[in-house]
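Observations on the model geometry
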Amino acid sequence: MSLLSGRKAYVALRTDKVYKAVMQGYTETPSTEPNEKLLGFISFKFLLEDDGRIITDTRSAPQGTDILARQLLEQMDNPEALNGIDQEELFKICIKNQTVFDMWVTHRTVDGQTYTNYTFREPAPEPVPQADEEDFE
């Protein structure tokens, strides 16, 4: 049996499109060194309804999970009722209810390396470059 057997190929996700994503689960990886600002990482698995692919969105805990929880909560029906909910409980509700979220893709380049990020809040439009007046002489 080939190592490639059963592997699907997908086109790259676009930054100009909103995707529908359903949280499938998550895996926790605690930090190996004690640090109040970085407790570890959580890898969330989302199913994209558009084409059935699974994406992994890894967030730092607690800062990255705080951002994700807030973004998901904002998209849920009646978020005020869940205001102040424990994050673990929120994520379990999302998985159990198969809540469908709008998801966007962004890219960020750091030190020549480009990273793909997933956000559950519509990104602000990129500013249109302004032409210098000298260009019109």
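Everything here concerns the structure above.
These numbers come from a predicted model, not from an experiment.

Before going further, it helps to examine the overall build of the protein. Counting its regular elements, the protein contains 2 helices and 5 strands. For the protein, the N- to C-terminal ordering of α and β elements is β-β-β-α-α-β-β. Its C-alpha atoms give the protein a radius of gyration of 19 Å, clearly above 14 Å, the size a compact globule of 137 residues would have. The 137 residues of the protein split such that 27% are buried. Across the protein, contacts joining residues at least 24 apart in sequence account for 45% of those joining residues at least 6 apart. In the structure as shown, the protein presents an accessible area of about 10200 Å², 49% of it carried by carbon and sulfur atoms.

Right, let's get into the sheet that holds strand β2 (residues 40-48). Here we have 5 strands laid out as an open sheet, ordered β3-β2-β1-β4-β5, and antiparallel in their pairing. Taken across any chain shown, the strands that pair with only one partner, and hence form the sheet edges, are β3 (54-61) and β5 (113-119). The mean angle between the axes of side-by-side strands here comes to 35°, regardless of whether they run parallel or antiparallel. Sheet topology places strand β1 (residues 19-30) next to strand β4 (residues 100-110); 4 bridges connect them, and they run antiparallel. By the bridge assignment for β4, V22 is matched with V100. Seen against the sheet, helix α1 (residues 63-75) touches β1, β2, β3, β4 and β5 and runs at an angle of roughly 125° to β3. Contacts between helix α2 (residues 87-97) and the sheet are confined to β1, β2 and β4, with β1 contributing the most and set at about 135° to the helix.

Moving on to the packing of α1 against α2. The N-to-C vectors of α1 and α2 enclose an angle of 50°; their axes lie 11 Å apart at closest approach. By the criterion of interaxial angle, the relationship of α1 to α2 is oblique. Every pair of crossing elements has a handedness; the one defined by α1 and α2 is left-handed. On α2, the residues touching T65, D66, L68, A69, L72 and L73 of α1 are Q87, L90, F91 and C94. Among the residues forming the contact of α1 with α2, the class breakdown is 7 nonpolar, 2 polar and 1 charged.

Right, let's get into unusual backbone geometry. Residue P62 is bonded to the preceding A61 through a cis peptide linkage, with omega at 15°. Of note, P62 is situated in the loop between β3 and α1. The phi dihedral of N78 is positive, around 55°, even though this residue is not glycine. By the secondary structure assignment, N78 is in the loop between α1 and α2.

The rules we used
- Counting restarts for each chain, with residues numbered from 1 along the sequence as it is written.
- pLDDT decides what is reported in this predicted model: residues at 70 or higher carry local features, side-chain atom pairs at 80 or more are listed and counted, and totals for whole chains, interfaces and linings draw on all residues regardless.
- With hydrogens and water stripped out, all remaining heavy atoms of the structure feed into the side-chain values.
- Counting from the N terminus, the helices are DSSP H or I runs at least four residues long and the strands are E runs at least two residues long.
- Two things to know: the radius of gyration comes from C-alpha atoms, and the globule rule equals 2.2 Å times the number of residues to the power 0.38.
- The buried label applies to any residue whose accessible area, calculated with a 1.4 Å probe on protein chains only, is under 20% of its type's maximum; exposed applies above 50%, and partly exposed to all values in between.
- Here, residues are in contact when the closest pair of their heavy atoms is within 4.5 Å.
- All accessible-area figures derive from a Shrake-Rupley calculation using a 1.4 Å probe, and residue coverage is judged against the displayed protein chains alone.
- At least two DSSP bridges between two strands are needed for those strands to be called paired.
- To get an axis, fit a line to the C-alpha atoms, keeping to the stretch in contact for a helix; angles then go from 0 to 180 degrees between the N-to-C directions.
- Put simply, angles under 35 degrees are roughly parallel, angles over 145 are roughly antiparallel, angles from 65 to 115 are roughly perpendicular, and the rest are oblique.
- For a crossing to be left-handed, the near helix must be turned anticlockwise from the far one by less than a right angle; the clockwise case is right-handed.
- Note on residue categories: nonpolar means Ala, Val, Leu, Ile, Met, Phe, Trp, Tyr, Cys or Pro, charged means Asp, Glu, Lys or Arg, and polar means any other residue, Gly included.

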